[in-house]
Structure formats: structure tokens, C-alpha cells
Amino acid sequence: QMSNGSSVTQFLLLAFADTRELQLLHFWLFLGIYLAALLGNGLIITSITADHHLHTPMYFFLLNLSIIDLGCISTTVPKSMANSLWDTTVISYYRCAAQVFWFLFFVSSEYYLLTVMAYDRYVAICRPLHYGTLLDSRACTKMAAAAWGGGFLNAVLHTANTFSIPFCQDNAVDQFFCEIPQLLKLSCSDSYVRKAGFTVVSLCVACGCFLFLVLSYVQIFVAVLRIPSEQGRCKAFSTCLPHLAVVSLFASSAMFAYLKPPSISSPALNLLVAVVYSVVPPAVNPLIY
């Protein structure tokens, strides 16, 4: 046990396995996923940058998504792999704070960007004649900048809020990376207000974006069903399905992670859910697209 908040200089992350063989299996498994994410997203970034035919709003946003995905998976996976390889669970206080900041930055930016991409699909299908004017290069740059900027603000706000509390309960984080809900459990001040604040702010922003996504897709589907030719309908759907699949995977896993009832919470389940929402999308998104 820690005597006071200032004495916490490091945290202990949750290990995936307790035997050496399973630790090495975890290392190789994560290495495979990480290399797949690097390769997939790297190929998308290179293709879009190199081919001027792909310099369209849809591919510009996809380029941003791939950069965010690389950042997101690079924040959590390499540290977890290193810990498994060297048979340790330690992460320093400052590395933990940095991990919280960067993870929140990339995850928030991704969510805002997926919302912007829904608008891009909406304009392309529901208002095709205005596509060139509503989504010219300046508008696209501003929207992407707003997504990154929103992610940055969200990360600064929540990281500062979390690390301004003294930690003294214990220093064992029930997760394979530093995650805010698990860190708040370690505070010695009554962190109920902070927990509630984190949840309310996150939910308001998330629900706002989610509502926009749903409304965009309702209008898209109505517009697509009005297209007379079956070929036209298939083409319109095919441009939306990858985005819809990515949003569904991202939103459903994140919602389950943060809104599941405590009664079904267990370290093993928390680990699995965290992998599904933080590690799987960056590796799977390039395959989907």
C-alpha cells in the first residue's frame, strides 16, 4: 500500500499471462497484430499519397484515419509487448500519463473523424450536385483539423483531470495499458465527482456524434432506396458499407467497455474488451477498406 499520493512513481499493468510460455505467446500474437496494422495502414497512406487519382475527400479522410489508427495502436501495444518479453508489468508515472493522453487523443480524434466521414458519405449520396462545393479541399482540411483539434482538447481535459488527483490506494492498474476508469479506482480522494464528470462529458460528446451518424445514415439509406437501378443502389451501398462496419466495430466495443454493468466485470473480460476496442480496429480497418 502507498502512504500518500506523491509516493506513486510507477504503476503495475495487468499481465496477460502468468506463465512464461503464455507471455511469449502474447508477445508474438501482439507482434503479428501490430505488424498487420503497420502494413495495412502504411499501404493505405502510401497509396493515397502517391496516386493523385485518390486525392478526393473520401480518400483524404481515409488517409487521416490510417494515421490515427497507427498512432492509436502504437500507444498501447509496444509497451505491452515489451512488458511480456521482459517479464515485467511496470510503467512509470509519466509514461502512464503520456499513454493516457495519446490514447485519448487518437481515440477521440478517430471518433470525430468517423463522424466527419459520415457527412462526406451523406453529401456524396444525398446531395451529389453540391459535393464539389460543400467538400472542397479547404472544407476537408478544416473538418480534419477540427477532428484532430477536438481529440487534442478532449485528451488534455481528461488527462489533466485524472492526474491532478493523488493516487494512494494501490498502484496496480486493472488493464494492459493506462486507462482512465481503472486509474480513477486508485485515487485516495473521493473521485466520485471526477468519475461522474468523465462519464458525463464523454457520454455527451459521444451521443452527439452518434446521433449525427445515425441521422446521416437514415438519410443515406432513404436516398439509396430511391435510386431506380439496382446497380446504382449496390454502388452507393458499397461506398458506405466499409465506413458503417468501422463505425459499428468501434462504437459497439467502446460502449460495452465503458457502459457494461459492474456485475459482469472481471479482469479477464476487461482485458478482452480493451483489446477489441483499442487493438482490433487499427488492424482491421485497412482490411475493411
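See the structure shown above.
Residues numbered from 1 in each chain as written. Predicted model: local features only at pLDDT ≥ 70, side-chain atom pairs only at ≥ 80, totals over all residues. Heavy atoms only, no water.

1. Examining the overall build of the chain
Turning to step 1, where the next piece is worked out: When helices and strands are tallied, the chain shows ten helices and two strands.
Turning to step 2, where the next piece is worked out: Shown N-terminal to C-terminal, the secondary structure of the chain runs as helices and strands in the order β-α-α-β-α-α-α-α-α-α-α-α.
Turning to step 3, where the next piece is worked out: Whereas a compact globule of 289 residues would reach a radius of gyration of roughly 19 Å, the chain reaches 21 Å, a difference of no more than 12%.
Turning to step 4, where the next piece is worked out: Principal-axis analysis of the C-alpha atoms gives the chain an extent of 70 × 40 × 35 Å.
Turning to step 5, where the next piece is worked out: Relative to its full complement of 289 residues, the chain shows a buried share of 45%.
Turning to step 6, where the next piece is worked out: Considering only contacts in the chain between residues 6 or more positions apart, those separated by 24 or more positions represent 76%.
Turning to step 7, where the next piece is worked out: Surface summary for the chain: the accessible area is close to 14300 Å², and the carbon and sulfur share equals 70%. (Helix = DSSP H or I, 4+ residues; strand = E, 2+ residues; numbered from the N terminus. Rg over C-alpha atoms; globule rule 2.2 N^0.38 Å. Buried < 20%, exposed > 50% of the residue type's maximum accessible area, 1.4 Å probe, protein only. Contact = heavy atoms within 4.5 Å. Areas by Shrake-Rupley, 256 points an atom, 1.4 Å probe, with all protein chains shown as cover.)

2. Overview of a nonpolar patch on the surface
Turning to step 1, where the next piece is worked out: A cluster of nonpolar side chains, L203, F210, V214, V218, V222, M255, Y258 and L259, forms an exposed patch at the surface whose accessible area comes to about 640 Å².
Turning to step 2, where the next piece is worked out: Of all the elements in the fold, those that place two or more residues in the nonpolar patch are α7 (192–226) and α8 (230–259).
Turning to step 3, where the next piece is worked out: Broken down by element, the residue count for the nonpolar patch peaks at five residues, all from α7.
Turning to step 4, where the next piece is worked out: By secondary structure assignment, the location of V218 is in helix α7. (Patch = residues over 30% accessible without salt bridge, like charges linked within 9 Å, V, L, I, M, F, W, Y side chains within 5 Å. Salt bridge = Lys/Arg side-chain N within 4 Å of Asp/Glu carboxyl O.)

3. Focus: the packing of helix α9 (residues 267–278) against helix α10 (residues 280–288)
Each packed pair of helices is defined by two parameters, the angle between the axes and the distance between the axes.
Turning to step 1, where the next piece is worked out: Direction vectors running N to C along α9 and α10 enclose 40 degrees, while the axes themselves pass 4 Å from each other. Residues V275, V276, Y277 and S278 of α9 form the contact with α10, whose participating residues are V280, P281 and P282.
Turning to step 2, where the next piece is worked out: Looking at side-chain class alone, the contact of α9 with α10 contains six nonpolar, one polar and no charged residues. (Axes fitted to C-alpha atoms, helices over the stretch in contact; angles between N-to-C directions. Nonpolar A, V, L, I, M, F, W, Y, C, P; charged D, E, K, R; others polar.)

4. Focus on the nonpolar core
Turning to step 1, where the next piece is worked out: Core analysis: the biggest nonpolar cluster contains 79 residues, and F11, F61, F163, F167, F176, L183 and Y277 have the highest contact counts within it.
Turning to step 2, where the next piece is worked out: It is helix α3 (residues 93–126) that provides the largest number of residues to this core, a total of 20 residues.
Turning to step 3, where the next piece is worked out: Among residues more than four places away in sequence, those in contact with Y277 are F103, F177, E179, S253, A254, A257 and Y258. (Core = buried A, V, L, I, M, F, W, Y, C linked by side-chain atoms within 4.5 Å.)

5. Quick look at α3
Turning to step 1, where the next piece is worked out: Along its 34 residues, α3 runs 49 Å from first to last C-alpha, staying within 8% of the 50 Å computed at 1.5 Å per residue.
Turning to step 2, where the next piece is worked out: When you tally the buried positions in α3, you get 27 out of 34 residues, the bulk of the element. (Expected span 1.5 Å × (residues − 1).)

6. Re helix α2 (residues 57–85)
Turning to step 1, where the next piece is worked out: Between its terminal C-alpha atoms α2 stretches 42 Å, which fits the 42 Å expected from 29 residues at 1.5 Å a residue.
Turning to step 2, where the next piece is worked out: If you look at α2, its biggest bend is around 35 degrees, right at S74, and the proline P78 turns up within four residues after that.
Turning to step 3, where the next piece is worked out: A large share of α2 lies buried, amounting to 21 of its 29 residues.
Turning to step 4, where the next piece is worked out: A positive phi of about 55 degrees marks D87, the residue just after α2. (Bend = angle between axes of the 7 residues up to and from the residue.)

7. Observations regarding the side chain of N154
Turning to step 1, where the next piece is worked out: By secondary structure assignment, the location of N154 is in helix α5 (residues 137–163).
Turning to step 2, where the next piece is worked out: By relative accessible area, which is 15% here, N154 ends up buried.
Turning to step 3, where the next piece is worked out: When near neighbours in sequence (up to four residues on either side) are disregarded, N154 contacts L104, S108 and Y112.

8. Things to note about the state of the cysteines
Turning to step 1, where the next piece is worked out: Evaluated as defined, the whole model comprises one disulfide.
Turning to step 2, where the next piece is worked out: Across the disulfide from C96 sits C178; the S-S distance is 2.0 Å. As the torsion about the S-S bond is roughly -120 degrees, the C96-C178 disulfide counts as left-handed. Within this pair, whereas C96 is found in helix α3, its partner C178 is found in the loop between α5 and α6 (180–184), the two being separated by 82 residues in sequence. In this pair, the class of C96 matches that of C178, namely buried.
Turning to step 3, where the next piece is worked out: Between C207, a free cysteine, and C204, which holds the nearest cysteine sulfur, the sulfur-to-sulfur gap is 7.1 Å.
Turning to step 4, where the next piece is worked out: The thiol of C240 is unpaired, and the distance to the nearest cysteine sulfur, on C126, comes to 8.5 Å.
Turning to step 5, where the next piece is worked out: With relative accessibility at 1%, the residue C240 sits in the buried group. (Disulfide = S-S within 2.5 Å.)

9. Quick word on the packing of aromatic side chains
Turning to step 1, where the next piece is worked out: This structure, assessed with the given rule, holds 24 aromatic pairs.
Turning to step 2, where the next piece is worked out: Between F101 and W102 the ring centres are 5.1 Å apart and the planes differ by 80 degrees, which places this aromatic pair in the edge-to-face class.
Turning to step 3, where the next piece is worked out: Judged by its relative accessible area of 40%, W102 is partly exposed.
Turning to step 4, where the next piece is worked out: Note on F163 and F167: the rings are 5.8 Å apart at their centroids and 65 degrees apart in plane angle, and the pair reads as edge-to-face. The same class applies to F163 as to F167, namely buried.
Turning to step 5, where the next piece is worked out: Joined through ring pairs, the aromatic side chains of F101, W102, F105, F106, W148 and F152 make up one cluster. (Phe/Tyr/Trp six-rings, centres within 6.5 Å; stacked < 30°, edge-to-face > 60°.)

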